[in-house]
Amino acid sequence: MGANSGPGASPCASPVGPWRKVLYARQPFPDNHVDRRFLEELRRNIRVRQYRYWAVVRETGLVAQQVSCVAVFITLWSCMDQGRLGPSVLLWAATGCALPGYGLYEMLGGKDRERPRLADLQSAAVFLAFTFGFSPVLKTLTESVSTDTVYAMSAVMLLAHLLSFPYTQPSPPGSLSLNAALFASVCLASRLPGALHTFAMLSWALLVFALWPCLLHRLRERAEWSFPWAAGLVCAGGVGGLGAVWPGGALLLSLALLVLTLACPLLLVCLQRHKDNIHGPWDEAEIREDLSRFLS
Amino acid sequence: MVLKIFFPTCCNTADSGLLIGRWIPGQDSAVVLAVIHYPFIPGQVKKYLSETQNQSQVDLAVLGSWSLPKDGQEGMDSFLKDLSTIFPNSRWLQLSREIGKRGFACQVVHNRITPPDPAQGGTDKKDQIIFIHYDQRKVMLSQLHPIHEESPGEESSELRAVFHTVAQSGPLFLLDRYDEGPLKLTHWQSEGREASIVVELSKQASVPLCIVLTWLVSLWQSKCFRSYSPGLFFRTSVKMSTCVQTAYRTNHFQTVFSTKKATSHMEFMRKANIFVSFLVDMSLGLLLVSWLYRENHISQLANTLVPVADHVAKELQELLEWLMGAPAGLKMNRALDQVLGRFFLYHIHLWISYIRLMSPFIEMILWYVGLSACLGLTFALSVLSDIVALLTFHIYCFYVYGARLYCLKVYGLSSLWRLFCGKKWNVLRQRVDSCSYDLDQLFIGTLLFTILLFLLPTTALYYLVFTLLRLVVVMFQGVIHLAIDLINSFPLFAMGLRLCRSYRLAEGVKFRVLCEEPGTPLHLMMEINPLKCSSVLQRYRTPTYSCYPRDSWVDLCKKLFMGELIYPWKHKTTKTD
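If you're wondering where the values come from, they're calculated on a predicted model, not measured in any experiment.

Each value, and the rule that gives it
Residues numbered from 1 in each chain as written. Chains lettered and ligands numbered in written order. Predicted model: local features only at pLDDT ≥ 70, side-chain atom pairs only at ≥ 80, totals over all residues. Heavy atoms only, no water. Helix = DSSP H or I, 4+ residues; strand = E, 2+ residues; numbered from the N terminus. Rg over C-alpha atoms; globule rule 2.2 N^0.38 Å. Contact = heavy atoms within 4.5 Å. Areas by Shrake-Rupley, 256 points an atom, 1.4 Å probe, with all protein chains shown as cover. Lys, Arg positive; Asp, Glu negative; His and termini not counted. Charge placed at Lys NZ, Arg CZ, Asp CG, Glu CD. Buried area = accessible area lost by both parts, 1.4 Å probe. Salt bridge = Lys/Arg side-chain N within 4 Å of Asp/Glu carboxyl O. Nonpolar A, V, L, I, M, F, W, Y, C, P; charged D, E, K, R; others polar. Patch = residues over 30% accessible without salt bridge, like charges linked within 9 Å, V, L, I, M, F, W, Y side chains within 5 Å. Buried < 20%, exposed > 50% of the residue type's maximum accessible area, 1.4 Å probe, protein only. pLDDT = per-residue confidence, 0-100. UniProt positions renumbered as here; feature names shortened; annotations may be inferred. Polar contact = N/O pair within 3.5 Å; in protein donor to acceptor, adjacent residues only side chain to side chain.

Draft legend 1. Focus on the overall build of chain A. Each helix and strand in chain A was counted, giving eight helices and two strands. Going from N to C terminus, chain A has its helices and strands arranged as β-α-α-α-α-α-α-α-α-β. Compactness check: chain A gives a C-alpha radius of gyration of 29 Å against a globular reference of 19 Å for 296 residues, more than 25% above the reference. Seen along its three principal axes, the alpha-carbon backbone of chain A occupies a region of about 100 × 50 × 45 Å. Considering only intrachain contacts with a sequence separation of at least 6, the fraction spanning at least 24 residues in chain A is 73%. Per element, the accessible surface of chain A, about 18400 Å² overall, is 65% carbon and sulfur. Here chain A holds 25 positive side-chain charges and 20 negative ones, and the gap between their average locations is 4 Å.

Written out as structure tokens, the structure is:
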């Protein structure tokens with residue numbers, strides 16, 4: 001361990017040499033000694049992304065359209081509750097939306113099929129049979145529960161749906177969000193006068209909450225240009241439908257959508273410059289496994 | 001060195017002679033068992049000692065000499081001193097007493113056969129002697145607790161050695177003063193042996209009686225318990241307390257009537273306890289029978305039984321109608337309510353018809369069943385418990401239906417709640433994992449979850465009501481079983497022994513100072529401390545198939561909450577050894 005350093009050396013040199021950042025060698029420095037290379041490896045804000053305003057606005061369209069989906073659903077329910085629309089009308093409308101939607105989905109799908117068409121048909125048959133079979137039971141479920149409780153439960157569940165929706169990967173719908181939405185729809189549907197109403201309501205819930213996000217995701221993947229138009233259509237439909245039932249609600253909804261789409265991205269972009277993240281070699285190690293070399 | 005000499009009180013006034021007893025190995029103490037009087041021939045003494053030693057397995061020896069000078073026996077002292085040469089021993093005790101004085105004088109002569117042990121100091125020091133007087137008859141009959149089965153020579157403590165020596169020396173005490181033999185002894189029985197004609201006769205008669213009874217019991221066992229194939233009969237018979245009680249009593253009879261004589265104290269006590277409790281049981285049962293069959297009590301009972309059963313069924317019907325309405329203001333799901341209510345009402349209707357069908361035969365059945373009380377009060381109580389179980393069978397059925405439905409619901413709900421949150425139970429790892437479900441599974445799972453959740457209050461209420469009813473019946477049966485258990489297991493003989501002859505069950509001894517004068521040895525009186533009553537109960541309790549609660553309260557509440565069927569009493573199997 002002998003090293004030559006004379007008496008005129010720098011303050012951190014010692015008869016045994018400069019200070020080394022190791023723990024296994026006994027050094028004459030105190031335990032909390034640091035030298036001039038302290039915090040050399042500190043980095044600030046290396047992962048901050050530069051957001052562009054209009055890109056963010058575009059992405060926000062997904063959140064806005066989901067809110068509008070909920071609004072559309074509530075509109076439909078309200079119409080049936082007030083007797084403006086009959087269940088058979090709604091059922092025909094559902095068929096009318098489902099079949100073209102499925103066709104569009106198939107067209108955009110192209111060659112890769114994860115499920116054969118027969119499995120899709122089977123699923124559809126199972127849905128219809130179950131829903132139709134259970135509608136009389138579902139109708140009488142909340143008879144003894146007071147209306148306020150039912151409304152409160154549905155509101156909480158729809159809020160949970162919005163909060164837990166997997167906005168980054170909506171194609172297989174997240175369990176909690178879908179279940180919450182279906183629970184809310186069952187609660188609301190059981191308040192309707194007849195078993196057929198319940199059936200119609202549940203079919204629409206399936207369309208709006210389960211199948212529409214899959215289609216939207218497919219659209220985004222294959223035909224990027226159509227996404228803003230689809231989102232805009234849904235938002236307009238939500239506002240318009242709510243306006244027919246409850247004008248005040250339409251106003252509120254449009255306000256909310258504007259805030260969400262225009263004000264929130266602005267906030268995000270403006271607040272980026274206040275970010276102050278520090279990184280360094282003391283961070284927790286992130287293991288990035290590249291599994292592609294295992295998959296053939 | 002302190003020398004302890006255990007001296008029997010019966011020899012306090014004995015004539016001069018030789019002291020017979022035993023040196024306790026490893027301790028500085030000796031137990032005096034008897035005194036052999038002058039005149040005697042030393043050769044005959046030695047022969048008698050060796051014979052008695054063979055019979056009793058206690059190593060007897062001549063400890064020393066005893067002199068109580070009476071008129072005309074002045075020359076005894078020197079004669080007795082010389083005897084130490086005839087009976088060689090490492091120590092020779094010379095006890096003497098004067099009439100009128102309370103204390104003894106004692107001199108210990110050490111025979112120099114072995115050189116003095118240097119660890120003890122070498123020289124002849126003045127030995128300090130303590131005389132401990134004991135009542136020979138009481139010590140002989142008493143049993144020291146806690147009981148250890150030890151062989152002579154390996155006793156764990158000095159007290160045990162003393163008790164053991166006296167108890168085993170029975171053959172020594174057979175010669176009394178009316179015997180025409182060469183030797184004259186003084187011990188507790190020397191005034192004449194106690195005997196009674198009744199005891200002797202019963203001892204003679206008991207052997208053939210036991211043989212006959214054992215043969216009868218084995219016949220009964222082979223007929224009843226082996227010819228029926230195991231299976232349904234076995235399972236139902238295990239549940240019926242009458243059959244359990246019969247099996248239990250049969251085991252007891254086998255123990256009591258076996259021709260093998262009880263060798264150890266515990267066996268003897270167990271046999272005695274069983275016999276006495278059986279006698280008491282039978283007498284109580286006969287009392288009950290005499291009361292039942294007098295003044296037509298049986299027909300009165302039968303006449304009240306059917307209306308009571310009817311009344312119970314009617315109460316249940318009203319309860320169900322109340323549940324089908326809006327019970328306690330709770331809002332039930334009407335459709336499910338109606339279904340369940342009608343289902344249970346139909347059951348009650350069936351039950352009432354069954355009771356009405358049986359009503360003409362009730363009196364005759366009761367008459368024959370009442371006869372079974374002859375076999376003992378415990379039998380009558382177990383028959384009562386079984387009758388109660390049969391009469392409330394419909395409550396049991398309702399409870400099982402309600403519990404199964406509720407249990408299914410709770411399990412379904414918990415599993416579907418996990419699906420709601422997107423998780424799954426991993427059976428392999430016994431934990432909850434996340435899982436990505438298919439669309440179909442999610443849809444149907446949510447529907448079912450909603451249905452089960454909203455139907456939960458209705459099912460829970462039915463379950464609660466029927467569980468409470470079942471618990472009431474179980475409590476009642478539990479009380480009856482407790483009474484049966486008490487009669488079965490209470491050690492009447494041991495308690496009687498403790499109360500009447502308390503010296504027979506000893507926990508220890510206590511000492512009382514008799515005479516303490518300077519210059520003379522200390523005299524203590526040893527009195528037996530009887531066993532505490534609670535220890536008697538604990539130790540001599542007959543083991544039974546007692547019913548005790550299977551789960552703790554916390555476990556029971558958890559089971560009730562989850563809807564698992566509860567069988568609150570667990571039967572301990574009878575211990576036979």
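Draft legend 2. How the structure looks around the environment of Trp 229 of chain A. Note that Trp 229 of chain A resides in helix H7 (residues 226-245). In sequence terms Trp 229 of chain A and Gly 61 of chain A are 168 residues apart; their C-alpha atoms lie 9.8 Å from each other.

Draft legend 3. Region of interest: the interface of chain B and chain A. Taken together, the contact pairs 24 residues of chain B with 31 residues of chain A. A combined buried area of about 2300 Å² lies between chain B and chain A, and 77% of that area is made up of carbon and sulfur atoms. Among the residues of chain B in contact with chain A, Phe 420, Phe 443 and Phe 454 of chain B are the three that bury the most area, contributing 30% of the side total. Scanning the region where chain B abuts chain A turns up one salt bridge. For the salt bridge of Glu 143 of chain A with Arg 334 of chain B, the shortest nitrogen-to-oxygen distance reads 3.8 Å. Taken together, the elements giving at least two residues each to the side of chain B that touches chain A come down to helix H13 (393-420) and helix H14 (439-489) of chain B. Of all the elements, H14 of chain B adds the most residues to the side of chain B that touches chain A, at 14 residues. A breakdown of the residues in the side of chain B that touches chain A according to their chemical character gives 17 nonpolar, four polar and three charged.

Draft legend 4. Structural context of a nonpolar patch on the surface. Residues and elements named next belong to chain B. Where nonpolar side chains cluster on the molecular surface, the patch consists of Phe 361, Met 364, Ile 365, Trp 367, Tyr 368 and Leu 371 and spans about 630 Å² of accessible area. Positionally, Leu 371 belongs in helix H11 (residues 362-371). Judged by relative accessible area, Leu 371 falls into the partly exposed class, the value being 36%.

Draft legend 5. Quick peek at the pattern of salt bridges. All names here are of chain B. Taken as a whole, this structure holds 15 salt bridges over all chains when the rule is applied. Glu 158 is the salt-bridge partner of Lys 4, the closest N and O atoms lying 3.6 Å from each other. Of this pair, Lys 4 sits in strand E1 (residues 2-8) while Glu 158 sits in helix H4 (residues 158-168), placing them 154 residues apart in sequence. In this structure Lys 4 comes out as partly exposed when scored by relative accessible area, which is 25%. Taking the shortest distance from any N to any O, the salt bridge between Arg 541 and Asp 485 comes out at 3.9 Å.

Draft legend 6. Quick peek at the side chain of Ser 169 of chain B. Along the chain, Ser 169 of chain B falls in the loop between H4 and strand E9 (185-186). Ignoring any residue separated from it by four or fewer positions in sequence, one finds Ser 169 of chain B in contact with Leu 33, Ser 56 and Val 58 of chain B.

Draft legend 7. Geometry of the confidence of the model for chain A. The predicted model of chain A averages 87 in pLDDT, with 94% of residues at 70 or higher. Within the model, pLDDT remains below 50 along residues 1-11 of chain A, and this stretch shows seven contacts once partners closer than five positions in the same chain are excluded.

Draft legend 8. Representation of the UniProt feature "transmembrane region" (unreviewed entry) in chain A in the model. All names here are of chain A. Per the UniProt record, "transmembrane region" (unreviewed entry) is annotated on residues 198-215, 227-246 and 252-271. Counted over residues 198-215, helix gives 100% and strand 0%. Its end C-alpha atoms are 25 Å apart. With 100% helix and 0% strand, the stretch residues 252-271 has end C-alpha atoms that lie 26 Å from each other.

Draft legend 9. Structural detail: the side chain of His 37 of chain B. Residues and elements named next belong to chain B. Structurally, His 37 is set in strand E3 (residues 29-37). When its relative accessible area of 11% is taken as the criterion, His 37 is described as buried. There is a polar contact of 3.3 Å between the side chain of His 37 and the backbone oxygen of Asp 15. Polar contacts involving the side chain of His 37 include one to the side chain of Thr 186, which spans 2.3 Å. Non-local contacts of His 37, meaning those with residues more than four positions away in its chain, are made with Ala 14, Asp 15, Ser 16, Gly 17, Lys 184, Leu 185 and Thr 186.

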